Amino acid sequence: MVIAMTKGLSLARGVYQDRGLRMRELRKSGKKIIGYICLYPPVEIITALGMIPFRIFGDMNETITAADQVSTTLVCPFLRSIIDLALKGKFNFLDGVVGAHTCDIGAGLILQWRDFVKSPNFSHLLDVPHTDHAPAVDYFEGQINSFKRHLEEFAGQQLTDDKLAKAIELHNTQRKLVRQLYDLRKPDPPLLTSMENLEVLVALFSLPVDEGNELLENVIADVQERKDKPDKKKARLLVWGPVFDNTSLYELIESAGASVVVDDTCVGTRAFWADVKPPYDLHSLAQHYLVDIKCPRTYRQAQPAELKKNYDKDLESRFDYIKKAVTDWKVKGAILQSVKYCDTHGYEVPNLRHYLDGLGIPSLYIEHDYSERSLAPIKTRVEAFVETLG
Amino acid sequence: MSETATPAKTDQKRAINRLKSMYPLRNLVQQDYIDTLNASNEGKPTVWAMLNYWEGDLPLKAMGLNIVYPENYSTLLASTGSAESFLDASDSDGYPTHLCGYGRSTIGYSYRMMKDLNGRIPPEAPLGGMAKPTLLLGSGIICDARFKWFQALGRYFDAPQWVLEMPMMGTAEGTEPDLEGYQIKFLVRELQAFIAFLEKLLGRKMDWARLEELIDLAVKIHETNWQISELRKSIPGPMHSTDFWSSMPPSLFFAGDMATALKLYQDMLAEVQERVNNKIAGINYPEKYRIVFSELPPWHSLKFFDSLAEKGWNFVFESRGYHAPRPLDFSHVSDPLEKLARLSRNFIFSIHPCALEDGIANPVAEVYLQTAREFKADGFFLHPLISCRAASAGLRSVQDFLMKRLNVPTLWVEGDIIDKRVFNPQETLARAEAFEQTMEHYRKVRKAQGLDW
């Protein structure tokens, strides 16, 4: 069995290549697997109730066919890919599915799932407010409470404070370890390639949290001692944008002569950059997911209820964490990537590019349709961009 | 079959039999642009607002602010053929071309105003243009663009932005027993914060008596519109969709003076009632097919509906997301903010119990199943938009449920609200001809199944 025999980067690659592998094993042993979409369902509650959270991704190499029956071609192809896979039975190891209103189409996906995929029986949609206003955080806490009650009923057990605290600690440990993993790419050349990094992260979303933590500890130890270090490249880049769960884009960039050393994406840093803060209760979870996760889907401003917009301060309040990444990882350029029809990221692009200009960081914006073939025309642009950084 | 319509005696040349009461309602929104320009010239604050399903419109009006709606102005840009240069300006400033056409045209307009013209209104803007805003009111209702595109305008304006919240649930979650109170509490707190912000921004207090007056007017406007919608179920359909689109702003975002709007809608109700009494149709041709349109029309090509009217296609209902919801009983509610919260929330949540009862997760599909039954629709014209996710995403479900549950066929025509290059009227007319055979066939199927249309 691949899982039992491998560890470290080999294990990460094995899981990356067959994400359902460990889930099917666990299900056979009686565990319940809860699939979730996007970053906003609080995985700590799933873990605390003895179930396994599994982040649902699409598949860039699977041609979308079945989804055309239930979804127009004019919406996010990543989400279309997910419903396509669901209709084809590729998630039949799930016992439940949880979505969140992180964007219009993401919320609609759960409704499509209920109407057309129909299984598994358990599904839940969390409403996520659009702002970080104090009443919105309280409202979201109520939503998390409603999710907790629904999942307790499904699990046949109550969530105690102690179980929740332990689960939060486990997930916080994972966040801390991921930050240590990213530290391995601070040296020049980085000790880990962006492809390897992504394989590890995708594996984390496909394993129980304790196994993921063990994987991270092994990877970090192995990489610190590795002899076959990645080559030094012409430029060190940051990649920004919505979900990218496939190494192909990173391969394309690295083959153009650049190292991707850090990212601001929702398969990368966004899930791991902030810890859930004590006290470990539902309000802490609401604060973490709605306020501390930095995704363009949430509206933020420099000052609550500000009476005048100051553009520079506005950009600073929205993107200052990117400045820190640029400094800490010695970034020389940024690639802003987005899947087509992603409105929340699309409106962000000129403002972020302007902000990066102010930091002296050149940037390139690329769009794709969440298929490997759509990356081919981008290659020349990436190569030219990297050339200008050299 | 519903070939009972009698062609109108007046204006035989026009294919669509426009309601006379529609024109003054259409003019009300045009007056808003002029009033806002005048207010701006006098140094008074002005607002650009997103469609917010009444949550923010009424507090703004109660504070005496002049408001324009860029979503509505964009329809004007499209229908006057003025949108292209603004779309180009948005593209040139780096905004992706797949974004909302309304958003792109507003961004382009703002770019022209602030980057090219030093704050002056672009001379090519129709109706005198939109005055420079002193407040941007975004909304989280239904569409992500409603807060993201105003956030993007921070690039051009120093106007502050406020974003209104509105719960958006799944159908099953939307019927939890303790949900209503918890959501109303949330919305009231949000409204309190919004009003506190407005008071600080404007340096004056909310006129609560005026707000209550406006809420009462809003309730009456919606009740009147609801009655008009109910009358439209008649055969032949007395009011064509184009009349709805032309007259919807005073109900959809309370454009114009609300007391005047109420009077004009009452006039419209009387005119529609008269048509129903006399079996007068909304088209000047015999009503052969009763069609429902979903969701937003090609504003740049509305004349296209004349060609379909000549073929006996009567668009009897449309754009369910833009209609007044079923009236609520407010007699037990005294707090104006709670009334406002309930009025606004009603739009989103009123359909959830019906959908759940029907075994449907997508409330949009449920809405159109009800519409098909109540309006005895022969077919649906579905218009997925290349630049609007909110209006397009659920249409496949609508198509699927209409056929599976009711054997009502759909004509699927991709297009756009702004970009006329992606809509081909000639090709659509050719497809419409073939679709008539489909509608005829499914009439027989429905009859065989015991349905009454």
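The structure presented is a predicted model; accordingly, all values stated were derived computationally and were not measured.

Chemist: Explain the sheet that holds strand β3 (residues 96-100) of chain A to me, using residue names and the numbers behind them.
Modeler: Residue and element names in this part refer to chain A. Strand order in the open sheet made by the four strands is β2-β1-β3-β4, with parallel pairing throughout. Each edge of the open sheet is held by one strand with a lone partner, namely β2 (52-55) and β4 (122-126). Geometrically, the sheet is characterised by an average inter-axis angle of 25 degrees between neighbouring strands, direction not taken into account. When β3 meets β4, the two strands line up parallel, connected through five bridges. Each residue of the ladder has a partner; that of A100, found in β4, is L126. The strands touched by helix α7 (residues 134-155) are β1 (33-36), β3 and β4; relative to β4, the strand with the most contacts, the crossing angle is about 175 degrees.

Chemist: How would you sum up the environment of M50(B)? Please name residues and give values.
Modeler: The topology assignment puts M50(B) in the loop between β1 (46-49) and α2 (57-62). Sequence separation between M50(B) and I280(B) is 230 residues, and the spatial gap between their C-alpha atoms is 36 Å.

Chemist: Tell me what's going on with helix α3 (residues 21-28) of chain A, and back it up with residues and numbers.
Modeler: Looking only at α3(A), the buried set comprises L21(A), R22(A), M23(A) and L26(A). Where α3(A) ends, the next residue or the one after it, G30(A), has phi of about 105 degrees, a positive value.

Chemist: Outline the pairing of strand β8 (residues 363-368) of chain A, supporting the account with residue identities and numerical values.
Modeler: Residue and element names in this part refer to chain A. For β8, a buried count of five out of six residues is recorded, marking the element as mostly surrounded by other parts of the structure. Across six bridges, the pairing between strand β7 (residues 333-339) and β8 is parallel. For A334, the partnering residue across the bridge sits in β8 and is S363.

Chemist: If you had to explain the packing of aromatic side chains to someone new, which residues and values would you point to?
Modeler: Summed over all chains, the structure comprises 42 aromatic pairs over all chains. Geometrically, the ring pair formed by F57(A) and F205(A) is edge-to-face, given 5.8 Å between the ring centres and 90 degrees between the ring planes. Here the residue F57(A) occupies a position in the loop between β2 and α5 (77-87), and F205(A) occupies one in the loop between α9 (194-204) and α10 (209-224), the gap between them amounting to 148 residues. Of the two residues, F57(A) and F205(A), neither departs from the other in class, the shared state being buried. Look at W245(B) and W299(B): their rings are 6.3 Å apart centre to centre, the planes differ by 70 degrees, and that puts the pair in the edge-to-face class. Placement of the pair is W245(B) in helix α9 (residues 241-247) and W299(B) in the loop between β5 (289-294) and α12 (304-310), with a sequence separation of 54 residues. Both residues of the pair, W245(B) and W299(B), count as buried. Directly above the ring of Y182(A) sits R185(A), whose terminal nitrogen or CZ lies 4.8 Å from the centroid. Stacked on the ring of W412(B), the Lys or Arg R396(B) has its end atom at 3.7 Å from the ring centre.

Chemist: Describe the nonpolar core, listing the residues and the values that go with them.
Modeler: Residues I45(A), F91(A), W113(A), L58(B), W313(B) and F381(B) are the most contacted members of the largest nonpolar core, which totals 295 residues. The dominant element in this core, judged by the number of residues it contributes, is helix α7 (residues 179-202) of chain B, at 11 residues.

Chemist: Break down the pairing of strand β6 (residues 313-318) of chain B for me, citing the residues and quoting the values.
Modeler: Each regular strand displays side chains that alternate between the two surfaces of the sheet. All names here are of chain B. Counting buried positions along β6 gives six out of six residues, so the element sits mostly inside the fold. Pairing analysis gives five bridges linking β5 to β6, with the strands arranged parallel. Residue pairing for β6: I291 is matched across the bridge by F315. The parallel pair β5 and β6 is bridged by α12, and the resulting crossover is right-handed.

Chemist: Describe the pattern of salt bridges, naming the residues involved and giving the relevant values.
Modeler: Residue and element names in this part refer to chain A. For the coordinates displayed, the defined rule picks out 62 salt bridges over all chains. Between R175 and E44 there is a salt bridge whose closest N-O contact spans 2.6 Å. You can see R175 sitting in helix α8 (residues 161-183) and its partner E44 sitting in helix α4 (residues 43-48), a full 131 residues away along the chain. Each member of the pair, R175 as well as E44, is classed as buried. Of the charged contacts, one joins K186 and D183 as a salt bridge, the two residues approaching to 3.1 Å between their closest N and O atoms. Using a relative accessible area of 29% as the deciding quantity, one classes K186 as partly exposed. On the basis of relative accessible area, D183 is assigned to the partly exposed category, the value being 34%.

Cut-offs and rules
- Residues numbered from 1 in each chain as written.
- Chains lettered and ligands numbered in written order.
- Predicted model: local features only at pLDDT ≥ 70, side-chain atom pairs only at ≥ 80, totals over all residues.
- Heavy atoms only, no water.
- Pairing = 2+ DSSP bridges.
- Helix = DSSP H or I, 4+ residues; strand = E, 2+ residues; numbered from the N terminus.
- Axes fitted to C-alpha atoms, helices over the stretch in contact; angles between N-to-C directions.
- Contact = heavy atoms within 4.5 Å.
- Buried < 20%, exposed > 50% of the residue type's maximum accessible area, 1.4 Å probe, protein only.
- Phe/Tyr/Trp six-rings, centres within 6.5 Å; stacked < 30°, edge-to-face > 60°.
- Lys NZ or Arg CZ within 6 Å of the ring centre and 35° of its normal.
- Core = buried A, V, L, I, M, F, W, Y, C linked by side-chain atoms within 4.5 Å.
- Right-handed = clockwise from strand over helix to strand, strands pointing away.
- Salt bridge = Lys/Arg side-chain N within 4 Å of Asp/Glu carboxyl O.

Functional significance is not addressed by these values, which are geometric in nature.
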